[in-house]
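Listed below are the residues making up each chain.
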Amino acid sequence: MAFNRIRRTFQYEPEVPDSYTEQGVEKGAKVEDGTIVQPDMVRIVRETRGMPLDEVFVWLNDHRMEFKPLPYIIDTDSGDEVARMKSMRPQFIVQKRSLNLIRHLNTLLNRANEALEDGGYLWCHTRTASLKRKLLMERYPWGINYLMFTIHFLWHRVIPKMNMTKCFYFWLTKGRNRTFNRVEVLGRMYRAGFEVVDEEFRHGEFFVLARKVKAPIWDDVPSGSPLIKLKRVGKNRELIGVYKFRTMYSYSEYLQPYIYEHNHLQQGGKFADDYRVTPWGHWMRKLWIDELPMFINFFKGEMKLVGVRPLSRHYFSLYTPEMQELRTRVKPGLLPPFYYDKQTPKTLEDVQASERRYVEASLKHPILTDIKYFFGTIGNIIFRGKTSK
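Per-chain numbering applies: the sequence of each chain, read as written, is numbered from 1 onward. Under the rules for a predicted model, residues below a pLDDT of 70 receive no local features and side-chain atom pairs below 80 are neither given nor counted, while totals for whole chains, interfaces and linings still include all residues. As a rule here, side-chain values cover all heavy atoms of the structure and leave hydrogens and water aside.

Asker: Which residues make up the nonpolar core, and what are the values?
Answerer: Judged by nonpolar contacts, the single largest core of 34 residues is most densely connected at L99, L122, M189, F194 and V208. Looking at this core, the elements with two or more residues in it are α4 (105-115), β5 (121-126), α8 (182-191), β6 (194-202), β7 (205-212) and α9 (256-263). Contacts were defined at the residue level, with two residues in contact if any of their heavy atoms lie within 4.5 Å. Among all residues touching M189, those that are not within four sequence positions of it are L99, L109, L122, C124, F194, V196, V208 and A210. Counting residues in each nonpolar core, the second largest holds 17 residues, with M41, V45, F67 and V197 among its members. The nonpolar core is taken to be a set of buried Ala, Val, Leu, Ile, Met, Phe, Trp, Tyr and Cys residues, with the residues joined through side-chain atoms within 4.5 Å. Only protein chains enter the accessibility calculation, which uses a 1.4 Å probe. A residue is then buried if its area is under 20% of the maximum for its type, exposed if over 50%, and partly exposed in between. Strands are runs of DSSP state E lasting at least 2 residues, helices are runs of H or I lasting at least 4, and numbering of each runs from the N terminus.

This is the structure in structure tokens:
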């Protein structure tokens, strides 16, 4: 049996393709070449894809004795309860409770990772922001539906993320009925050490199947406020906290490997068709508004006006070792070198070549190079319309 690793169609009721075969798979096989070929787990996913949620769990309970290893079906919001499963080393956990109802969701996902054996699977579901919006728009008459959606958005999406209001929100709601964007759900999975194997909208729910690939992250603080501080590789490979206005959905920073694998890069070296960017984020990037807080790093001496772009650790790992060494000999800058070039780089190799020209020139004549690149960049922005994306 084989099952498509990624469903790239994200409509609410997509048709189920004929994506299964029944040949050449041995018992106990795992993930190979991006395809799920673990027979018991494949059968669970295949049999439950077209069922409404309540029927899914009935079916799983009725058939759980047929599967080896047995799937562990849990219905809890307690990370401690999941942690007690560690001695059993399950290979497959099905979370019956919606993620919307779990107060300490990151803790529960991390504990699930620690309980699973290496390569084990977690299957869970939630109602995303897009699904909730669709539900509200259909439930109320025109006009009232937009009012109800706005109230819901402010209460369940904005207030929980504001430092001044989130404590009141969680005290009142106990963290129940929060609404997560699809990107946030996937980002939380990657932060918890999972690789997303399959995702699908069906029957008013968003289903995610994830595979344990590494240890979870415990010691960071995920960004959620309008002003964010992102870890970036600076001079001499030191990590610096780069300030920006948020233009992406929460937990987007953990999704870079997932986005790169499926979307790759566009001109200028950024990710193509990056759905992590919010609608207002595109507008802010066009006008460079999102990068204004980087002047904090400039005045702290961590960045300069012109220089290589401060990169995340994942993006930095895509560079050649030679370029990694070369670009960390200078401070990162607010205006990257490729805005100076007449032709915008189209590939990662082009971006590295552009940065190489700048760094080599800067190491020889730092002040003159920055002056030339600064005025050349300003000219390209004004007369050639180069903007951030």
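Read on, since the account is not over.
Asker: Before we move on, can you summarise helix α2 (residues 53-63) with the specific residues and values?
Answerer: Buried within α2 are the following residues: L53, V56, F57, W59, L60 and H63. For α2, the buried positions fall inside an angular range of 160° around the axis, keeping them on one side. Looking at α2, the residues exposed on the side facing more than 90 degrees away from the buried face are D54 and D62. The arc in question is formed by the directions pointing from the helix axis toward the C-beta atoms.

Asker: Break down the environment of G50 for me, citing the residues and quoting the values.
Answerer: Relative to the assigned elements, G50 resides in the loop between α1 (39-48) and α2. Between the C-alpha atoms of G50 and H203, which are 153 residues apart in sequence, the distance is 8.4 Å. When near neighbours in sequence (up to four residues on either side) are disregarded, G50 contacts R202 and H203.

Asker: Can you break down helix α5 (residues 129-139) residue by residue, with the values?
Answerer: For α5, the full list of buried residues reads A129, L131, K132, L136 and M137. Contacts made by the buried residues of α5 are with β5, α6 (144-158), β6 and β7.

Asker: Lay out the packing of α4 against α8 in plain terms, naming residues and giving numbers.
Answerer: Structural elements are reduced to axes, namely lines fitted to C-alpha atoms, with helices fitted over the stretch in contact, and the angle between N-to-C directions of any two is expressed from 0 to 180 degrees. For the pair α4 and α8, the least separation of the axes is 9 Å and the interaxial angle reads 45°. For the element pair α4 / α8, the angle class is oblique. In the packing of α4 onto α8, the handedness of the crossing is right-handed. Across the interface between the two elements, L105, N106, L109 and N110 from α4 touch R188, M189 and R191 from α8. When its residues are assigned to classes, the contact of α4 with α8 shows three nonpolar, two polar and two charged. When describing relative orientation, an angle under 35 degrees is termed roughly parallel and one over 145 degrees roughly antiparallel, while 65 to 115 degrees is termed roughly perpendicular and anything else oblique. The hand of a helix crossing depends on one turn: near helix anticlockwise from the far one by less than a right angle means left-handed, and clockwise means right-handed. In this classification, the charged set is Asp, Glu, Lys and Arg, the nonpolar set is Ala, Val, Leu, Ile, Met, Phe, Trp, Tyr, Cys and Pro, and all remaining amino acids, among them Gly, are polar.

Asker: Residues and numbers for the packing of aromatic side chains, please.
Answerer: Aromatic rings from Phe, Tyr and Trp, taking only the six-membered ring of Trp, are treated as a pair when their centres fall within 6.5 Å; an angle between ring planes under 30 degrees marks them as stacked, one over 60 as edge-to-face, and anything in between as tilted. A full pass over the atoms with the stated rule returns 18 aromatic pairs. Centre to centre, the rings of Y315 and Y319 are 6.1 Å apart; their planes meet at 55°, and the pair counts as tilted. In this structure Y315 comes out as buried when scored by relative accessible area, which is 9%. Ring centres 4.8 Å apart and planes at 40° place the aromatic pair F338 and Y339 in the tilted group. Each member of the pair, F338 as well as Y339, carries the same accessibility label: buried. Geometrically, a lysine NZ or arginine CZ counts as sitting over a ring once it is within 6 Å of the ring centre and also within 35 degrees of the ring normal. Here the basic side chain of R103 rests over the ring of F170, its NZ or CZ set 3.8 Å away from the ring centre.

Asker: An account of the pairing of strand β8 (residues 227-233) is requested, with residue identities and associated values reported.
Answerer: Two strands are counted as paired when DSSP detects at least two bridges linking them. Where β8 lies against strand β9 (residues 239-245), seven bridges are found, and the strand directions are antiparallel. What sits directly across from L230, in β9, is V242. Hairpin connection of β8 to β9: five residues between the antiparallel strands, including N236 at a positive phi of 60°.

Asker: Describe the environment of T165, and please don't skip the residues or the numbers.
Answerer: Mapped onto the fold, T165 is located in the loop between α6 and α7 (166-173). Taking the C-alpha atoms as reference points, T165 and W155, 10 residues apart in sequence, are found 10.0 Å from one another.

Asker: Explain the environment of M51 residue by residue, including any values.
Answerer: In this fold, M51 is placed in the loop between α1 and α2. Spatially, the C-alpha atom of M51 lies 7.9 Å from that of H203, the residues being 152 residues apart in sequence. Not counting chain neighbours up to four residues away, the residues in contact with M51 comprise V56, W59 and H203.

Asker: I'd like to hear about the confidence of the model for the chain, residue by residue, with values.
Answerer: Counting all residues, the mean pLDDT for the chain is 80, and 85% of those residues have values of 70 or more. Scored below 50 in pLDDT, residues 1-34 shows 87 contacts in the model against residues more than four places distant or in partner chains. A residue's pLDDT is simply how confident the predictor is in it, with values from 0 to 100.

Asker: Give me the pattern of salt bridges: which residues, what numbers.
Answerer: Any carboxyl oxygen of Asp or Glu that lies within 4 Å of a side-chain nitrogen of Lys or Arg is treated as forming a salt bridge with it. The final tally for this structure, using the stated rule, is 19 salt bridges. The shortest N-O distance in the salt bridge between E199 and R182 comes to 2.8 Å. Placement of E199 in strand β6 and of R182 in helix α8 is noted, with a sequence separation of 17 residues between them. Residue classification places E199 among the buried residues on the basis of a relative accessible area of 0%. In this structure, K300 and E302 form a salt bridge, with 3.7 Å as the shortest nitrogen-oxygen distance. Judged by its relative accessible area of 45%, K300 is partly exposed.

Asker: Describe the sheet that holds β5, listing the residues and the values that go with them.
Answerer: Here five strands make up an open sheet; going across it, the order is β3-β4-β5-β7-β6 and the pairing mixed. Here the strands that pair on one side only, and so sit at the sheet edges, are β3 (72-74) and β6. Strand-to-strand twist across the sheet, computed as the mean angle between neighbouring axes with direction ignored, equals 20°. Bridge count for strand β4 (residues 92-95) against β5 is three bridges, and the pairing is parallel.

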